[in-house]
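# Architecture at a glance
Okay, here's what each chain looks like letter by letter:
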Amino acid sequence: SDRAAAFMAMGIHADAILFLTDVKGFLMDGKVVEKLTIEEARGLLPKTGFGMQKKILAGIEAVEAGVGEVIIASGFGPEPLSNALAHTGCTVMTRA
């Protein structure tokens, strides 16, 4: 479903795609990585669990195809969409 969402975002030339998950974003050593380039994301893939790998790979494809940013955020807690779109407590992946 992550890749399907990424392909939809690519197809409509979206500015952003938002992946909601059960964790706060892309975590390294228990902390949210707030900003991530697609090159950094590629390098961290071997250290990533399967569920997050799918989101990272779909995000890389989306950014390479022209989507401006990928947001990975928790779907739990108060106002998850507003917080994610405000880049609060989540991971934002971009080309550079």
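Residues numbered from 1 in each chain as written. Predicted model: local features only at pLDDT ≥ 70, side-chain atom pairs only at ≥ 80, totals over all residues. Heavy atoms only, no water.

Checked against the element boundaries, Phe26 lands in the loop between strand 1 (16-21) and strand 2 (27-28). With relative accessibility at 2%, the residue Phe26 sits in the buried group. Remark: the alpha-carbon pair of Phe26 and Arg3, spanning 23 residues in sequence, is separated by 17 Å. (Helix = DSSP H or I, 4+ residues; strand = E, 2+ residues; numbered from the N terminus. Buried < 20%, exposed > 50% of the residue type's maximum accessible area, 1.4 Å probe, protein only.)

On to the layout of surface pockets. Taken as a whole, the largest pocket spans an internal volume of roughly 160 Å³. Taken together, Lys24, Ala73, Ser74, Phe76, Gly77, Pro78, Pro80, Asn83, Ala84, Thr88, Gly89 and Cys90 form the lining of the largest pocket. Mapped by element, the contributors of at least two residues to the lining of the largest pocket are strand 5 (69-74) and helix 4 (80-85). Sorting elements by how many residues they give to the lining of the largest pocket places helix 4 first, with three residues. Residue classes in the lining of the largest pocket are distributed as six nonpolar, five polar and one charged. (1 Å grid on protein atoms, 1.4 Å probe; cavity = no way out; pocket = protein on both sides within 12 Å on 5 of 7 lines; lining within 4 Å. Points joined across faces, edges and corners; volume = space filled by probe spheres on them. Nonpolar A, V, L, I, M, F, W, Y, C, P; charged D, E, K, R; others polar.)

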